Amino acid sequence: MPDAAPPDAAPTPAELIGARVAELRRERGLSLSELAARAGIGKATLSGVEAGTRNPTLETLYAITGQLGLPLAAVLAEPAADPADPARDREPGFADVHGDAVTAHLHAVFEEPTATFEFYRLRIRPGRRQTSPAHSPGTTEHLSVFAGHGLAGPADEPIPLAPGVYATWQADRPHVFEAVEEVSAALMIRSPRFG
């Protein structure tokens, strides 16, 4: 049996993400079963994410946050100290999150009265295709490519990627990421704020 972490050990990124998912689910009055069904994931998977015992993929986190009506950064970043300041930014403090083809590192989150802006450093690994589920209505993604070649954007019309390419698409429908050779890029996700 593995040794338990000391009681004063800092929580792992998976534990922090899990606690945030559970908090946001409860705030919305959803049961574990209801959110799992809406997100199209198993109840045991969601339970493991919330307990911090599963290291969730990007696809799983997008499925969860999409059904909560929130941007991905809502579970990756700590809430800002002053929620009344609409132009605040957050220092996320989390390392990389991985998907089938994509590794993303959240660098910054800026919230304006009408939208949340998430800034990521992205790496798309070759030989795999990652399909991201539709995000909240009105969400857009903006990708600036530094190196590599591949495809990204709407699943039915992906955009060719090469160094210097700037691509943008509506992310409220399924979209893909695929590399012929490793792609290094910056991704900005703009999610409208409702209410």
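### Remarks on the overall build of the protein
- Counting secondary structure elements, the protein contains five helices and nine strands.
- Scanning the protein from its N terminus toward the C terminus, one meets helices and strands in the order α-α-α-α-α-β-β-β-β-β-β-β-β-β.
- A buried classification covers 47% of the 195 residues belonging to the protein.
- The long-range share in the protein, meaning contacts at least 24 apart out of those at least 6 apart in sequence, stands at 63%.
- A total accessible area of about 9600 Å² is found for the protein, and carbon and sulfur atoms account for 55% of it.

### Focus: the side chain of Glu-50
- Within the element layout of this structure, Glu-50 appears in helix H3 (residues 43-51).
- Using a relative accessible area of 15% as the deciding quantity, one classes Glu-50 as buried.
- The contact partners of Glu-50, leaving out residues within four places of it in the chain, are Gly-18, Ala-19, Val-21, Ala-22, Arg-25 and Leu-32.

### Some remarks on the pairing of strand E3 (residues 102-111)
- Within E3, seven of the ten residues are buried, which leaves the element mostly enclosed by the surrounding structure.
- In terms of strand pairing, strand E2 (residues 96-98) meets E3 through three bridges, oriented antiparallel. Each residue of the ladder has a partner; that of Val-97, found in E3, is Ala-104.
- Linking E2 back to E3 in an antiparallel pair, the connection comprises three residues.
- Alignment of E3 against strand E4 (residues 115-124), held across nine bridges, turns out to be antiparallel. When the bridges of E4 are listed, Val-109 appears paired with Glu-118.
- The turn joining E3 and E4, which pair antiparallel and follow one another in sequence, is formed by three residues.

### A few points about the pattern of salt bridges
- A full pass over the atoms with the stated rule returns eight salt bridges.
- Here Glu-34 makes a salt bridge to Arg-38, at a shortest N to O gap of 2.8 Å. In this pair, Glu-34 and Arg-38 are both assigned in helix H2 (residues 32-39), four residues apart and thus about one turn of the helix distant.

### Digging into the environment of Glu-15
- Positionally, Glu-15 belongs in helix H1 (residues 13-27).
- Along the backbone, Glu-15 and Ala-51 are 36 residues apart, and their C-alpha atoms lie at a distance of 6.6 Å.

### Things to note about the environment of Ile-64
- For Ile-64, the position within the fold is in helix H4 (residues 58-68).
- Residue Ile-64 is classed as buried on the basis of its relative accessible area of 0%.
- In this structure, the C-alpha to C-alpha distance between Ile-64 and Ile-41, residues 23 residues apart in sequence, is 8.5 Å.
- Residues within four places of Ile-64 in sequence aside, it is in contact with Val-21, Leu-35, Ala-39, Ile-41, Leu-46 and Val-49.

### Focus: the nonpolar core
- Among the nonpolar cores identified, the biggest contains 45 residues, and Leu-76, Tyr-120 and Leu-143 are the most heavily contacted of them.
- Ignoring anything within four residues of it in the chain, the contact list for Tyr-120 reads Leu-72, Ala-73, Leu-76, Ala-104, His-105, Leu-106, His-107, Ala-185, Ala-186, Leu-187 and Ile-189.

### Description of empty space enclosed by the protein
- One pass over the full model with this rule turns up one cavity of 30 Å³ or more.
- Here the largest cavity is characterised by a volume of approximately 60 Å³.
- For the largest cavity, the full set of lining residues is Leu-58, Tyr-62, Val-102, Ala-104, Tyr-120, Leu-122, Gln-130, Ser-132, Phe-177 and Leu-187.
- For the lining of the largest cavity, the secondary-structure elements that each account for two or more residues are H4, E3, E4, strand E5 (129-132) and strand E9 (175-192).
- Here the lining of the largest cavity is composed, by residue class, of eight nonpolar, two polar and no charged.

### Quick notes on H4
- Where burial is concerned, most of H4 is hidden: nine out of the eleven residues are buried.
- Within H4, burial applies to Leu-58, Glu-59, Thr-60, Leu-61, Tyr-62, Ala-63, Ile-64, Thr-65 and Leu-68.
- Trailing H4 by a residue or two, Gly-69 shows a phi angle of about 70°, which is positive.

Cut-off values and rules
- Residues numbered from 1 in each chain as written.
- Predicted model: local features only at pLDDT ≥ 70, side-chain atom pairs only at ≥ 80, totals over all residues.
- Heavy atoms only, no water.
- Helix = DSSP H or I, 4+ residues; strand = E, 2+ residues; numbered from the N terminus.
- Buried < 20%, exposed > 50% of the residue type's maximum accessible area, 1.4 Å probe, protein only.
- Contact = heavy atoms within 4.5 Å.
- Areas by Shrake-Rupley, 256 points an atom, 1.4 Å probe, with all protein chains shown as cover.
- Pairing = 2+ DSSP bridges.
- Salt bridge = Lys/Arg side-chain N within 4 Å of Asp/Glu carboxyl O.
- Core = buried A, V, L, I, M, F, W, Y, C linked by side-chain atoms within 4.5 Å.
- 1 Å grid on protein atoms, 1.4 Å probe; cavity = no way out; pocket = protein on both sides within 12 Å on 5 of 7 lines; lining within 4 Å.
- Points joined across faces, edges and corners; volume = space filled by probe spheres on them.
- Nonpolar A, V, L, I, M, F, W, Y, C, P; charged D, E, K, R; others polar.

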